[in-house]
Amino acid sequence: MSEQLIGLGEQAFSVAVYVAKAPPMPYFATLHSVEPVINEQINTINQHCGNGWRKVFNVYAKVLFALPSEYYSFAKQAASWQAYRDTFLLQKNSKTALLFSAPIINATNKNQLHIIAGRTHAKNLLQQGKLNAQFNWLDDEFAIDTTNNIIVCPYFDYRQLSNIKIARLSELVAKLKTSNKKCKDSTWREF
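**Observations concerning the nonpolar core**
Here is step 1 of the chain: Formed by 41 residues in total, the largest nonpolar core has its most connected members in Val-15, Trp-53, Tyr-60, Val-63, Leu-98, Ile-115 and Phe-156.
Here is step 2 of the chain: Secondary-structure elements contributing two or more residues to this core are strand S2 (15-18), helix H2 (41-49), helix H3 (51-66), strand S5 (113-117), strand S8 (150-153) and helix H6 (163-190).
Here is step 3 of the chain: In terms of residue count, the dominant contributor to this core is H3 (7 residues).
Here is step 4 of the chain: In contact with Val-63, not counting residues within four places along its chain, are Ile-115, Phe-156, Leu-161, Ile-166 and Leu-169.

**What to know about the pairing of strand S4 (residues 96-99)**
Here is step 1 of the chain: Burial along S4 is two-sided: Thr-96 and Leu-98 facing one way and Ala-97 and Leu-99 facing the other are all buried.
Here is step 2 of the chain: Alignment of strand S1 (residues 7-9) against S4, held across 3 bridges, turns out to be antiparallel. Its bridge partner being in S4, Gly-9 is matched across the sheet by Ala-97.
Here is step 3 of the chain: In the sheet, S2 pairs with S4 via 4 bridges, with the strands oriented parallel. When the sheet's bridge partners are listed, Tyr-18 is paired in S4 with Leu-99.

What counts and what doesn't
Numbering of residues starts from 1 in each chain and follows the order in which that chain's sequence is written. Where totals are concerned, whole chains, interfaces and linings use all residues; where local detail is concerned, this predicted model gives features only for residues with pLDDT of at least 70, and gives and counts side-chain atom pairs only at 80 or more. Here the side-chain values reflect all heavy atoms present in the structure, with hydrogen atoms and water set aside. Buried residues of nine kinds, namely Ala, Val, Leu, Ile, Met, Phe, Trp, Tyr and Cys, make up a nonpolar core once their side-chain atoms join them within 4.5 Å. Summary of the burial criterion: residues with accessible area below 20% of their type's maximum are buried, those above 50% are exposed, and those between are partly exposed, where the area comes from a 1.4 Å probe applied to protein chains only. A run of H or I in DSSP becomes a helix once it reaches four residues, and a run of E becomes a strand once it reaches two; helices and strands are each numbered from the N terminus. Any two residues whose heavy atoms approach within 4.5 Å are treated as being in contact. What makes two strands pair is DSSP finding at least two bridges between them.

No statement about biological role is implied by the geometric values presented.
Right, here's the structure in full:
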């Protein structure tokens, strides 16, 4: 069986967040692909799976809203991160994904940003051979692989990924985008 992305959102994402486990609901036990959120599905997950999942969705929306606007238009689509979460997050045409499977990195697609939520999750993926990445660990919480557009950050929880750390994540994304642009520009000049 070939590798398959599993989660919520869009297969053709520009930003994907990877978490270790799916919500503990029967629907997710049989999910074998990436499917867009429909009909208040986020609220249903929040009601059945508790405050932890509510935090994941809230922090995800806050992260998207904080990403550099010169590269991402998420903050331009709604008046607030709350409105974005309720209207666009993980829905069809959102260009976002919340994935419960290991990353499938397409090195030729520099437009995809991969965010692994949690150092432990990232290290487990590496140890299990499910992720081939060369991380530069910036500290105990953040790591970056500029070749594959992967950033490891704290888990999507208010205490672990505070507003200050969301701002840092946004700065790392800007640096990643800038370094990719420089690589592309220098490659262009070589030909």
